[in-house]
Amino acid sequence: VLQKCMNEHSASQPVEYLVANSVDQLEPGRLGDINVVIHAVFAGGKAAIIQELWPSLKQLEWVHSLSTGVDGLVPVLRQCDGSSQTPVTNAKGAFNRSLAEWCITAFLHFNKQIPRVMQNKKDKTWDKFIMNELAGATVGFLGFGSIAQSTVPICRALGMKVIGLRRRKDGPGSELADEIYTFEELDEFVGLCDFVVCTLPATANTYHLCHAKTFEAMKSSAIFVSIGRGTCVNEEDLEVALNTGTIAGAALDVFEREPLSSKSGLWNCENLLLTAHNADNTESYMNDTWRVYLENFELLSNHQTDQMSTIDLEAGY
């Protein structure tokens, strides 16, 4: 599908794509002609190659990641001289629709007690229990970027209260939340939530941000949802929290090491909804990420790189 996208773009625009997964696969004489570098980690692209190529990329104007996560790309670019002067973008926003749906699925899974419903069916038990509602519940987003902001309208439609936690209270989109908190207020923040959704990127500052103390600060009836980067969660602490009833349940789509080891105790947690980092792995995945790339390509072509939503190499996202 990626090759098809490139072919169609080349047919409609004066652009040529050079595809390689090693330096040896590129003609040395062509390196000076390259204007754009695209990192496709899902296609086996190795970020380290960019560092090897960097000194020869005399005409480079832009670096783009077809994935949202750039935790593998950023450390490499930090080692490249002058990289801070080159716009770096990612697939921000490409998969928000599916990720928002996954979040709501996680909420409903626990709120409507789906495991209980399925067990009742298996046991042929007519269990006329009181059905919960999401209306009136508080959802708190750790990280209030594009994923969170795309999920907010659905939460609103279901009657939920929305709060967010981010570096700056006045960051773009903060007006979508009822209240915004800062990282210094993390424990207070999670204590207010019925659902805590971690959408944070992988950086040195977010590593294991969600740990034992965080789970202890949550309501015992609360649900923890992780949809950003797995490194933000101390999985051993989460396992303990789930098994001891510190929190009521969790839903994880991302993990510190993937695939998740069969030896991980998380597999045995009955109050855990677990998917294999495929919340965004939709039929339209490639078309969605390519659409974001083309939007940025258009900005580059029109000399409007200042309008790109760029990665802050120092911050890591």
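Criteria and thresholds
- Residues numbered from 1 in each chain as written.
- Predicted model: local features only at pLDDT ≥ 70, side-chain atom pairs only at ≥ 80, totals over all residues.
- Heavy atoms only, no water.
- Core = buried A, V, L, I, M, F, W, Y, C linked by side-chain atoms within 4.5 Å.
- Buried < 20%, exposed > 50% of the residue type's maximum accessible area, 1.4 Å probe, protein only.
- Helix = DSSP H or I, 4+ residues; strand = E, 2+ residues; numbered from the N terminus.
- Contact = heavy atoms within 4.5 Å.
- Patch = residues over 30% accessible without salt bridge, like charges linked within 9 Å, V, L, I, M, F, W, Y side chains within 5 Å.
- Areas by Shrake-Rupley, 256 points an atom, 1.4 Å probe, with all protein chains shown as cover.
- Salt bridge = Lys/Arg side-chain N within 4 Å of Asp/Glu carboxyl O.
- Disulfide = S-S within 2.5 Å.
- Polar contact = N/O pair within 3.5 Å; in protein donor to acceptor, adjacent residues only side chain to side chain.
- Pairing = 2+ DSSP bridges.
- Axes fitted to C-alpha atoms, helices over the stretch in contact; angles between N-to-C directions.
- Expected span 1.5 Å × (residues − 1).
- Left-handed = near helix turned anticlockwise from the far one by under 90°.
- Phe/Tyr/Trp six-rings, centres within 6.5 Å; stacked < 30°, edge-to-face > 60°.

Q: I would appreciate a short explanation of the nonpolar core in the present structure.
A: Counting residues in each nonpolar core, the largest one holds 33 residues, and the members touching the most others are F107, V139 and F141. Looking at this core, the elements with two or more residues in it are α4 (96-111), β4 (138-142), α6 (146-157), β7 (195-198), β8 (223-226) and α10 (285-301). In contact with F141, not counting residues within four places along its chain, are A148, T151, V152, C155, V162, I163, G164, L165, F189, V197 and T199. Membership of the second largest hydrophobic core comes to 30 residues, among which are C198, L200, A222 and F255.

Q: Sorry, what's going on with a nonpolar patch on the surface here?
A: Together, I114, V117 and M118 give the surface a local cluster of nonpolar side chains, amounting to about 240 Å² of exposed area. Structurally, V117 can be placed in helix α5 (residues 114-123).

Q: Please explain the pattern of salt bridges as it appears in this structure.
A: Side chains bearing opposite charge may pair, as long as their charged atoms lie close to each other. Under the criterion given, the structure shown has 13 salt bridges. With a closest N to O distance of 3.1 Å, R168 and D170 form a salt bridge. Taking the relative accessible area as the measure of exposure, R168 reaches 48% and is therefore partly exposed. Residue class for D170 comes out exposed when judged on its relative accessible area of 59%. Overlapping salt bridges, with partners in common, bring together E16, R30 and D33 in one network.

Q: Looking at this model, I keep getting lost on the state of the cysteines. Mind explaining?
A: Linking two cysteines covalently through their sulfur atoms gives a disulfide. Within the structure shown, the criterion is met by zero disulfides. We note that C193 lacks a disulfide partner, and the nearest cysteine sulfur, in C210, lies 11 Å from it. Taking the relative accessible area as the measure of exposure, C193 reaches 0% and is therefore buried.

Q: Looking at this structure, how should I read the side chain of T89?
A: Along the chain, T89 falls in strand β3 (residues 88-89). Taking the relative accessible area as the measure of exposure, T89 reaches 0% and is therefore buried. Separated by 2.6 Å, the side chains of T89 and H64 make a polar contact. Setting aside chain neighbours within four positions, we find T89 in contact with W62, V63, H64, S65, N296, M308, S309, T310 and I311.

Q: Quick question: what am I supposed to make of the sheet that holds strand β6 (residues 179-181) here?
A: One open sheet holds the seven strands; their spatial order is β6-β5-β4-β7-β8-β9-β10, and the pairing between them is parallel. Edge positions in the sheet fall to β6 and β10 (272-274), since each has one partner strand and no second. Taking each pair of neighbouring strands and ignoring which way they run, the sheet shows an average axis angle of 15°. Relative to β10, strand β9 (residues 249-252) runs parallel, the two sharing three bridges. In the strand pairing of β10, A250 is matched with L272. Strand contacts of α4: β4, β7, β8, β9 and β10, with the helix running at about 155° to β9, the strand carrying the most contacts. Sitting on the sheet, α6 touches β4 and β5 (161-165), and the angle it makes with β4 is about 175°.

Q: Sorry if this is basic, but what is going on with α10 here?
A: For α10, spanning 17 residues, the distance from its first C-alpha to its last is 24 Å, which sits close to the expected 24 Å at 1.5 Å a residue. Residues of α10 that are buried include every one of Y285, M286, D288, T289, W290, V292, Y293, N296, F297, L299 and L300, and no others. Its buried side turned inward, α10 meets α1 (2-12), β1 (36-39), β2 (62-65), β3 and α4. Count one or two residues on from α10 and you reach H303, which has phi positive near 55°.

Q: How should I be thinking about the pairing of β7 in this particular structure?
A: Regular strands show a simple pattern: their side chains alternate between the two faces of the sheet. Burial along β7 is two-sided: F195 and V197 and V196 and C198, pointing in opposite directions, are all buried. Relative to β7, β4 runs parallel, the two being bridged by four bridges. Across the sheet, residue V139 finds its bridge partner in β7, namely F195. As defined by bridge partners, β7 adjoins β8 across four bridges and the pair is classed as parallel.

Q: Explain the packing of α1 against α10 to me, please; I cannot follow it from the model alone.
A: When two helices pack together, their arrangement is given by the angle between the helix axes and by the axis-to-axis distance. Between α1 and α10, whose axes approach to 10 Å, the crossing angle comes to 35°. The handedness of the crossing between α1 and α10 is right-handed. When α1 is examined against α10, the residues L2, C5, M6 and H9 are found in contact with a partner set consisting of M286, N287, W290, Y293, L294 and F297.

Q: Would you take a moment to explain the packing of aromatic side chains for this structure?
A: Each aromatic ring pair is summarised here by two numbers: the centre-to-centre distance and the angle between the ring planes. Overall, the coordinates contain 11 aromatic pairs when judged by the stated rule. The interplanar angle of 40° and the centroid separation of 4.5 Å between the aromatic rings of W290 and Y293 together place this pair among those described as tilted. With W290 and Y293 both in helix α10 and three residues apart, the pair spans about one turn of that helix. Assessed through its relative accessible area of 5%, W290 is described here as buried. When its relative accessible area of 1% is taken as the criterion, Y293 is described as buried. Ring-pair connections join several aromatic residues into one group, and the members of that group are Y17, W62, W290, Y293 and F297.

Fair warning: the whole summary comes from geometry, so function is off the table for now.
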